[in-house]
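For reference, the chains in residue letters:
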Amino acid sequence: QVQLVESGGGLVQPGGSLRLSCAASGITFSSAIMAWYRQAPGKQRELVANIFSGGHTYVADSVKGRFTISRDNTKNTMYLQMSSLKPDDTAAYYCKTYVGLREYWGQGTQVTVSS
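Parameters at a glance
- Residues numbered from 1 in each chain as written.
- Predicted model: local features only at pLDDT ≥ 70, side-chain atom pairs only at ≥ 80, totals over all residues.
- Heavy atoms only, no water.
- Helix = DSSP H or I, 4+ residues; strand = E, 2+ residues; numbered from the N terminus.
- Disulfide = S-S within 2.5 Å.
- Buried < 20%, exposed > 50% of the residue type's maximum accessible area, 1.4 Å probe, protein only.
- Pairing = 2+ DSSP bridges.
- Axes fitted to C-alpha atoms, helices over the stretch in contact; angles between N-to-C directions.

How should I be thinking about unusual backbone geometry in this particular structure?
Comment: phi is negative for the bulk of residues other than glycine, and the bulk of peptide bonds are trans. Positive phi, normally seen in glycine, also occurs at Asn 76, with a value near 50°. Following the sequence through the fold, Asn 76 ends up in the loop between strand 7 (67–72) and strand 8 (77–82). In this model, Ser 84 sits at a positive phi of 50°, which is unusual for a non-glycine residue. The residue Ser 84 is located in the loop between strand 8 and strand 9 (91–99) in this model.

Hey, could you run me through the state of the cysteines in this one?
Put plainly, a disulfide is one covalent bond tying together the sulfur atoms of two cysteines. Using the criterion set out here, one finds one disulfide in the structure. Note that Cys 22 is cross-linked by a disulfide to Cys 95, the S-S spacing being 2.1 Å. Linking Cys 22 and Cys 95, the disulfide has an S-S dihedral of approximately 60° and is accordingly described as right-handed. On the criterion of sequence distance, the pair formed by Cys 22 in strand 3 (residues 18–25) and Cys 95 in strand 9 is long-range, its members being 73 residues apart. Each member of the pair, Cys 22 as well as Cys 95, is classed as buried.

Teacher, can you tell me more about the sheet that holds strand 7 here?
Sheet strands associate in pairs through backbone hydrogen bonding, adopting either a parallel or an antiparallel arrangement. Taken in spatial order, the four strands make up an open sheet running 1-3-8-7, and their pairing is antiparallel. Two strands bound the open sheet, and with one partner strand each, they are strand 1 (3–7) and strand 7. Ignoring which end each strand starts from, the neighbouring axes of this sheet average 15° apart. Two strands pair when backbone bridges link them, and strand 3 and strand 8 are joined in this way by six bridges, in the antiparallel orientation. In the strand pairing of strand 8, Leu 18 is matched with Met 82.

Written as structure tokens, this is what we have:
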């Protein structure tokens, strides 16, 4: 079965950095579209970035220049390198993939940006 496991979240001070990982299993990772979403308390879940099988990426304007999405097909893992973090980046971060018309989500990892 499809399984996505996020890791790397935590508490970081404003201006700091974190790298999130999403380990995937049960899919042909190298051909999968992968995405990072986030959801802050009281807000809708929003797309942060996605990466296609060929390596093409999309990054939301709110994080452009600060976040970088990447993938390692040899490890079936997607990453989100986050830098210059702001308190507004505080949220639960989720990875997502698609198999056919079905969406699969990880359980999420919490990122808290606070001094």
